[in-house]
Amino acid sequence: MNVDGTPFRTIWLADDDWAVEIIDQTKLPHEFITVRLENLGDACMAIRDMWVRGAPLIGATAAYGMALSVHADSSDGALEAAYKALYATRPTAVNLRWALDEMKVLLAPLSANERKEAAYRRAAEICDEDVEICSSIGDNGKPLIEAAWEAKGKPSLADGGVNVLTHCNAGWLATVDWGTALAPIYKAHDAGIPVHVWVDETRPRNQGASLTSWELGKHGVPHTVIVDNVGGHLMQHGMVDLCITGTDRTTAAGDVCNKIGTYLKALAAHDNGVPFYVGLPGPTIDWTVDDGVADIPIEERGSTEVTEIMGRAPDGTVVPVQLTPDGAKAANFAFDVTPARLVTGLITERGVTEPSKPALAALYPGRA
Ligand code: MRU
């Protein structure tokens with residue numbers, strides 16, 4: 001997507017053809033900074049400390065992390081160590097495991113000499129495939145927005161347009177390009193459909209307020225940031241036509257794990273008859289798990305993400321501000337699981353499907 005007229009992806013090979021560059025997302029929305037990753041340690045830090053984040057981008061960065069490791073040492077031992085180090089960075093987004101497995105299965109049988117070229121080639125392919133997949137999610141999801149708009153009598157933006165609520169950031173910043181939940185929104189907007197987005201701020205790290213708002217703004221999509229507790233009220237008053245979120249791991253039976261708070265939005269949507277859709281690429285499906293609540297590991301992060309908030313001070317510096325009393329205890333569960341029964345449909349690169357084991361198995365034959 002464009003940043004001030006310049007097309008960007010979230011990850012790319014540097015001009016020297018071996019290092020990798022990313023956008024440091026911890027600095028957004030206040031600064032747009034690109035960072036060079038030169039080794040396995042850099043890649044692990046970028047994922048763990050959320051310079052890159054979002055399930056598909058975590059997978060793409062892990063693939064390039066393997067390539068950077070092979071660039072330095074293409075032995076069997078180094079390959080295994082790189083897999084383990086990257087796998088340990090974040091537990092919930094299953095694209096991480098998927099990308100690492102893709103790389104390992106490809107590289108392990110090759111000789112040490114062959115590995116470097118193959119690793120960079122596959123990492124680049126994973127990125128290109130993600131762009132294609134997300135673009136298709138956009139194409140498949142756009143008709144849902146269009147239909148909701150038509151059902152209202154095609155109001156102009158001034159008359160309310162069509163209103164989509166989203167949670168966290170599942171836009172192009174969470175993927176290599178286009179996004180998952182936001183791809184249908186970008187495609188609808190680009191097609192002239194007057195779409196307005198309610199953006200949940202998404203405490204504690206505020207990916208909605210910081211990232212979704214930034215990228216929608218850069219693309220010119222009308223949107224309004226709301227605090228996390230507003231969605232239910234909006235739905236009760238007919239101000240949300242549909243919800244679209246992303247997911248970090250969806251089970252073979254259609255349970256959706258996504259950023260903490262998604263479940264509450266799905267409950268409110270269900271109670272108010274608002275369709276609740278989830279955009280996802282095939283690699284976000286964990287075919288080894290059926291019951292998301294029981295079997296998906298939920299990341300718990302440091303308590304300072306809850307007790308403090310980052311923001312721009314009047315002098316322009318970006319600083320943490322303490323919110324809670326000294327010594328207050330805080331818990332920081334990063335994800336929750338929305339059971340399939342609360343999900344209206346899954347928007348995939350292969351089409352929109354109901355969230356059920358038979359439907360997903362039919363859409364991805366041979367994978368279940
Ligand atoms: O903790 P994050 O920022 O890596 O969480 C990922 C997300 O932004 C969301 O949960 C998103 O909706 C799914 S990833 C496309």
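Thresholds applied
- Residues numbered from 1 in each chain as written.
- Predicted model: local features only at pLDDT ≥ 70, side-chain atom pairs only at ≥ 80, totals over all residues.
- Heavy atoms only, no water.
- Pairing = 2+ DSSP bridges.
- Helix = DSSP H or I, 4+ residues; strand = E, 2+ residues; numbered from the N terminus.
- Axes fitted to C-alpha atoms, helices over the stretch in contact; angles between N-to-C directions.
- Contact = heavy atoms within 4.5 Å.
- 1 Å grid on protein atoms, 1.4 Å probe; cavity = no way out; pocket = protein on both sides within 12 Å on 5 of 7 lines; lining within 4 Å.
- Points joined across faces, edges and corners; volume = space filled by probe spheres on them.
- Nonpolar A, V, L, I, M, F, W, Y, C, P; charged D, E, K, R; others polar.
- Domains from an automatic or database assignment.

Quick notes on the sheet that holds strand β16 (residues 335-338)
Ordered in space as β13-β10-β11-β16, the 4 strands form an open sheet in which the pairing is mixed. Two strands lie at the open edges of the sheet, namely β13 (285-286) and β16, each paired on one side alone. In this sheet, strand β11 (residues 256-259) lies alongside strand β10 (residues 249-251) in antiparallel orientation, the contact comprising 2 bridges. When the bridges of β11 are listed, R249 appears paired with C257.

Topic: the sheet that holds strand β3 (residues 11-13)
Reading across from one edge, β3-β4-β5 is the order of the 3 strands in this open sheet, with antiparallel pairing throughout. Sheet topology places β3 and β5 (34-37) at the edges, where each strand pairs with a single neighbour. On average, each strand axis in the sheet is tilted by 25° relative to the strand beside it, whichever way the strands run. One ladder, built from 3 bridges, connects β3 with strand β4 (residues 20-23); its direction is antiparallel. Considered in β4, the bridge of I11 is made with I22. In the packing of helix α2 (residues 55-72) onto the sheet, the strands contacted are β3, β4 and β5, and the crossing angle to β3 comes to about 25°.

Considerations on the layout of surface pockets
A volume near 580 Å³ is recorded for the largest pocket. Lining the largest pocket are 23 residues; nearest its centre among them are T26, L28, R205, S210 and M310. Of all elements in the fold, only α7 (207-219), α11 (304-307), β14 (308-312) and β15 (318-322) reach the threshold of two or more residues within the lining of the largest pocket. Looking at the lining of the largest pocket element by element, the count peaks at 4 residues for β14. Here the residues of the lining of the largest pocket are counted per class, giving 9 nonpolar, 8 polar and 6 charged. Split by domain, the residues of the lining of the largest pocket number at least three in each of domain 1 (2-127) and domain 2 (139-363).

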